[in-house]
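Each chain, written out:
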Amino acid sequence: MKNIIYVLLLGLFIYSCGSSKRSMRLANAKNDTVRIANDSLEYEIIIIEPGFNLFINSIAQPEGYYSQNYLENKNRQLVIEYNNRVMQPQRFDPNLYVNEINYEPRIDYGYEVNYLLYNYFVYFSRQYNQRFSVSTRI
């Protein structure tokens, strides 16, 4: 009887350790999610990338460093190249290039969206050692 109690306690201990790791991963995933939405323009950007928040807060140039026009021009070119890579899974890693980015050049998304999108490309190119024809240096 005593051994059964020890086995149950050990099992409960192991189970509780595993569930805390899972909840920690979920918390980290929430912390690495950036969501930008504007209901009036009906757009939404969700960036779920481990380490992206750290990159934005510590490595990326601060908001206001680039002009909105500069960011829009870079994003137009980068989105086209990124979407072309999504459409070619035999040439480019389909685990990296999962979804197309729907970025309409005629829509004014505002500074924040363009800033975060550009910095996502910078982060993506640095994190996964990807090179685009458009420079993504900081």
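Residues numbered from 1 in each chain as written. Predicted model: local features only at pLDDT ≥ 70, side-chain atom pairs only at ≥ 80, totals over all residues. Heavy atoms only, no water.

An unreviewed UniProt entry lists the protein under the name DUF6146 family protein, from Autumnicola psychrophila.

Asks: Hey, could you run me through the pattern of salt bridges in this one?
Replies: Side chains bearing opposite charge may pair, as long as their charged atoms lie close to each other. Tallied over the full model, the rule gives two salt bridges. With a closest N to O distance of 2.9 Å, Glu81 and Arg85 form a salt bridge. Separated by four residues within a single helix, Glu81 and Arg85 lie in helix H3 (residues 68-86), roughly one turn from each other. With a relative accessible area of 16%, Glu81 lands in the buried category. (Salt bridge = Lys/Arg side-chain N within 4 Å of Asp/Glu carboxyl O. Helix = DSSP H or I, 4+ residues; strand = E, 2+ residues; numbered from the N terminus. Buried < 20%, exposed > 50% of the residue type's maximum accessible area, 1.4 Å probe, protein only.)

Asks: What exactly am I supposed to notice about the packing of H3 against helix H4 (residues 111-127) here?
Replies: Think of two packed helices as two axes; the pair is described by the angle between the axes and how far apart they sit. Put simply, H3 and H4 touch, their axes get as near as 9 Å, and they point 50° apart. It follows that H3 is oblique to H4 by the angle criterion. At the point where H3 passes H4, the crossing takes the left-handed sense. Seen from H3, the contacting residues are Gln68, Tyr70, Leu71, Glu72, Lys74, Asn75, Leu78, Val79 and Tyr82; seen from H4, they are Tyr111, Asn114, Tyr115, Leu117, Tyr118, Phe121 and Phe124. Along the lines of polarity and charge, the residues of the contact of H3 with H4 split into eleven nonpolar, three polar and two charged. (Axes fitted to C-alpha atoms, helices over the stretch in contact; angles between N-to-C directions. Parallel < 35°, antiparallel > 145°, perpendicular 65-115°, else oblique. Left-handed = near helix turned anticlockwise from the far one by under 90°. Contact = heavy atoms within 4.5 Å. Nonpolar A, V, L, I, M, F, W, Y, C, P; charged D, E, K, R; others polar.)

Asks: Whenever I open this one, the environment of Ser133 confuses me. Can you help?
Replies: Tracing the chain through its elements places Ser133 in the segment after H4. Only 2.7 Å separates the side chain of Ser133 from the side chain of Glu81, close enough to count as a polar contact. (Polar contact = N/O pair within 3.5 Å; in protein donor to acceptor, adjacent residues only side chain to side chain.)

Asks: Quick question: what am I supposed to make of H4 here?
Replies: Structurally, the α-helix is built with 3.6 residues per turn, so residues lying three or four positions apart point the same way. Between the first and last C-alpha of H4 there are 24 Å, a value that for 17 residues agrees with the 24 Å anticipated at 1.5 Å per step. Count one or two residues on from H4 and you reach Asn129, which has phi positive near 50°. (Expected span 1.5 Å × (residues − 1).)

Asks: Honestly, the environment of Phe52 in this entry has me stumped. Any pointers?
Replies: As for its position among the elements, Phe52 is in helix H2 (residues 52-58). For Phe52 and Asn119, which are 67 residues apart along the polypeptide, the C-alpha to C-alpha distance reads 8.9 Å.

Asks: I'm lost on H3 in this one. Help?
Replies: For H3, built from 19 residues, the straight-helix expectation of 27 Å at 1.5 Å per residue is met to within 8% by its first-to-last C-alpha distance of 26 Å. Taken together, the buried positions of H3 are occupied by Leu71, Glu72, Lys74, Asn75, Leu78, Val79, Glu81, Tyr82, Asn83, Arg85 and Val86. Considering only its buried residues, H3 is in contact with H4.

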